[in-house]
Amino acid sequence: MTDSMHSTILRRMTGGQAADEAADTPQTSSRALRLALTKAANDTVGLVLTVTSTAEDVQPLDEMLGNLDPQLMLVGLYRADALVGLMAVDMQLRAAIMEMQTVGQLLSAAADDRAPTGTDKMMCDPVLKEFLTALPEAMISTPLQGWVDGTMLGERIGSARAAGLILQDDSYRSLRLNVDLSVADRQGQVLIVLPLLPAPSVAPTTVDEKPNWDMLFPAAVEAAPAELEALLHRFDMPIAQARSLQVGQVIPLAGCSVNSVRLLASDGKQVGTAKLGQLGGKRAVRIEAPPRPQMGELPNAAISQGLPAVDDALSLDVAPAPVALEPDEPLMSPAEAPDLPLPDVGAVDIGVDENVGFDSGAAVVPMDIETLND
């Protein structure tokens, strides 16, 4: 006998080869389920059983509930006080657990089928709780890792129909374990039903690219907030008059109209004009185009006398004081127009037109200026 053969025999006798094979054998979901159920039954009630086979199915809710045997005892599985799944035990396994707790051994005759009761659930609780507690750790490094994590055993559910009214409409994984009780060919069954684990989210891969500032910068500037102040009128008032103001008092705004709104930027500069109104029952302004300059022709008499060009002509800056008008106040007659001081530029005859127009509440007096001969 060679030294290598002698070492092999010694390793087999001492169990070394079994240990090496166990170390090389990867853990599977089926093996984890077998060990967890076998240990839970033996440690709690002393029941020795053997898991003969396991089966896994993925079905929608209605199909899963339709395949449940009516004689199964259904127990709810909860996460965060919400029903998420089921654990089901058949009559033979329930009877075996109760026999071990009452008479200390299994009976040779199989138990008669009957509907599950609350007593059945109470007697089976130790085995089911221990089995459920051992599953998360037993399934580490298996495809079902995390599938049972966080679940707790709840109350008995009367029927599959009652469970269907509470469970979410989802796809469910069912793990069925068939067990051999080793007495009179008695076979049992336990079932675990829980929804599928959500697929892990994969972060999209990003490609580092240089930012396009020609597009990003204008977009950022255009998205920046801009504040505009709508100014209808501004005037000075003595403190004594301001203190005497009362609720309901009307303050006249000289030279002010709905078209007198100015839009001011944050630095006080005017950026536009607007018209005062309302929208949806609230005050609003409508942005208006700036008024175009009004240009008129010189009278024929002035043209015939050869007046200089407009650029060389004398410009009179006549700014009459704005006159506040009440809604029912009559128009000012030409005789009531105030006298305006004019510079000493010679004899000037000012003829006032009878048609006096008003713009924005202020009187505008159109004048014909005719230069007389010295």
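Figured I'd write up the structure that's included with this text.

Rules and cut-offs
Residues numbered from 1 in each chain as written. Predicted model: local features only at pLDDT ≥ 70, side-chain atom pairs only at ≥ 80, totals over all residues. Heavy atoms only, no water. Phe/Tyr/Trp six-rings, centres within 6.5 Å; stacked < 30°, edge-to-face > 60°. Lys NZ or Arg CZ within 6 Å of the ring centre and 35° of its normal. Pairing = 2+ DSSP bridges. Helix = DSSP H or I, 4+ residues; strand = E, 2+ residues; numbered from the N terminus. Axes fitted to C-alpha atoms, helices over the stretch in contact; angles between N-to-C directions. Contact = heavy atoms within 4.5 Å. Patch = residues over 30% accessible without salt bridge, like charges linked within 9 Å, V, L, I, M, F, W, Y side chains within 5 Å. Areas by Shrake-Rupley, 256 points an atom, 1.4 Å probe, with all protein chains shown as cover. Salt bridge = Lys/Arg side-chain N within 4 Å of Asp/Glu carboxyl O. Expected span 1.5 Å × (residues − 1). Buried < 20%, exposed > 50% of the residue type's maximum accessible area, 1.4 Å probe, protein only. Arc of directions from axis to C-beta. Left-handed = near helix turned anticlockwise from the far one by under 90°. Nonpolar A, V, L, I, M, F, W, Y, C, P; charged D, E, K, R; others polar. Polar contact = N/O pair within 3.5 Å; in protein donor to acceptor, adjacent residues only side chain to side chain. Core = buried A, V, L, I, M, F, W, Y, C linked by side-chain atoms within 4.5 Å.

## Comments concerning the packing of aromatic side chains
Right, on to step 1. Summed over the entire model, instances satisfying the criterion amount to zero aromatic pairs.
Right, on to step 2. Lying across the ring of Trp147, Arg173 places its NZ or CZ 5.6 Å from the centre.

## A few points about the sheet that holds strand β1 (residues 50-60)
Backbone-to-backbone hydrogen bonds join strands into a sheet, with any given pair of strands oriented parallel or antiparallel.
Right, on to step 1. Strand order in the open sheet formed by six strands is β1-β5-β6-β3-β2-β4, and the pairing between neighbours is antiparallel. Among the strands making up the open sheet, the edge pair consists of β1 and β4 (152-157). Averaged over neighbouring strand pairs, the angle between their axes works out to 25° when direction is ignored.
Right, on to step 2. When strand β5 (residues 171-180) meets strand β6 (residues 187-195), the two strands line up antiparallel, connected through nine bridges. Residue Leu177 lies in a different strand from β6, and its bridge partner there is Val190.
Right, on to step 3. This element, helix α3 (residues 29-45), spans β1, β5 and β6 of the sheet and lies at about 120° to β1.
Right, on to step 4. Helix-sheet contacts for helix α6 (residues 118-138) involve β2 (73-79), β3 (82-89), β4, β5 and β6, and the interaxial angle to β4 is about 155°.

## Side note on a nonpolar patch on the surface
Right, on to step 1. The grouping of Leu232, Phe235, Leu245, Ile251 and Leu253 at the surface amounts to a nonpolar patch, some 360 Å² of accessible area in total.
Right, on to step 2. Relative to the assigned elements, Ile251 resides in the loop between α9 (239-243) and β8 (261-264).

## Structural notes on α3
Right, on to step 1. An ideal rise of 1.5 Å per residue puts 24 Å on 17 residues; α3 measures up with 24 Å between its terminal C-alpha atoms.
Right, on to step 2. Those residues of α3 not exposed but buried are Ser29, Ala32, Leu33, Ala36, Leu37, Ala40, Ala41 and Val45. Along α3, the residues classed as buried sweep out an arc of 145° about the axis, all on the same side.
Right, on to step 3. On its buried face, α3 is in contact with β1, α5 (91-102), α6, β5 and β6.
Right, on to step 4. Phi for Gly46, located one or two positions after α3, is positive at around 75°.

## Observations regarding the pairing of strand β10 (residues 282-288)
Right, on to step 1. Counted residue by residue, β10 has zero buried out of seven residues, so it is predominantly exposed.
Right, on to step 2. With seven bridges joining them, strand β9 (residues 270-279) and β10 adopt antiparallel strand pairing. Opposite Ala274, over in β10, you have Ile287 as the bridge partner.
Right, on to step 3. Where β9 hands over to β10, the hairpin turn is made up of two residues, of which Gly280 adopts a positive phi near 65°.

## With respect to the sheet that holds β9
Right, on to step 1. Ordered in space as β7-β8-β9-β10, the four strands form an open sheet in which the pairing is antiparallel. Two strands close off the open sheet at either side, each with one partner strand: β7 (229-231) and β10. Taken over all neighbouring pairs, the strand axes of this sheet differ in orientation by 40° on average, direction set aside.

## Considerations on the packing of α3 against α6
Any two packed helices are characterised by the angle at which their axes cross and by the distance between the axes.
Right, on to step 1. One way to put it is that α3 packs onto α6 with a least axis distance of 8 Å and a crossing angle of 145°. When the axes of α3 and α6 are compared, the crossing they make is right-handed. The segment α3 lies against α6, with Ala32, Leu33, Ala36, Leu37, Ala40, Ala41, Thr44 and Val45 engaging Pro126, Val127, Glu130, Phe131, Ala134, Leu135 and Ala138.
Right, on to step 2. Taken together, the residues that form the contact of α3 with α6 break down as 13 nonpolar, one polar and one charged.

## As for unusual backbone geometry
Among all residues except glycine, the phi angle is most often negative; among peptide bonds, the trans geometry is most common.
Right, on to step 1. At Ser141, a residue that is not glycine, the phi angle is positive and equals roughly 70°.
Right, on to step 2. As for its placement among the helices and strands, Ser141 is situated in the loop between α6 and β4.
Right, on to step 3. Judged by relative accessible area, Ser141 falls into the exposed class, the value being 59%.
Right, on to step 4. For Ser182, which is not glycine, the phi torsion reads 65° and is therefore positive.
Right, on to step 5. Summarising the element assignment, Ser182 is placed in the loop between β5 and β6.
Right, on to step 6. Classification of Ser182 by relative accessible area gives exposed; the value is 55%.

## Observations regarding the pairing of β3
Right, on to step 1. Where burial is concerned, most of β3 is hidden: seven out of the eight residues are buried.
Right, on to step 2. With seven bridges joining them, β2 and β3 adopt antiparallel strand pairing. Within the sheet, the bridge partner assigned to Met73 lies in β3 and is Val89.
Right, on to step 3. Remark: two residues form the turn of the hairpin made by β2 and β3, two consecutive strands paired antiparallel; Ala80 in that turn has positive phi of roughly 55°.

## With respect to the side chain of Arg173
Right, on to step 1. Relative to the helices and strands, Arg173 is located in strand β5.
Right, on to step 2. A polar side-chain atom of Arg173 sits 2.7 Å from a polar atom in the side chain of Glu56.
Right, on to step 3. In this structure, Arg173 is in contact with Glu56, Asp57, Val58, Leu144, Trp147, Ile192, Val193, Leu194 and Leu196, ignoring residues within four places of it in sequence.

## What about the nonpolar core?
Right, on to step 1. Grouped together as the largest cluster of nonpolar side chains are 40 residues, with contacts concentrated most on Leu47, Leu49, Met87, Leu93, Phe131 and Met139.
Right, on to step 2. Elements with a contribution of two residues or more to this core: α3, β2, β3, α5, α6, β5 and β6.
Right, on to step 3. With residues near it in sequence (within four places) discarded, Phe131 still touches Leu33, Ala36, Leu37, Ala40, Met87, Leu177 and Ile192.
Right, on to step 4. Of all hydrophobic cores here, the second largest spans 15 residues; its members include Leu72, Leu86, Ala88 and Ala163.

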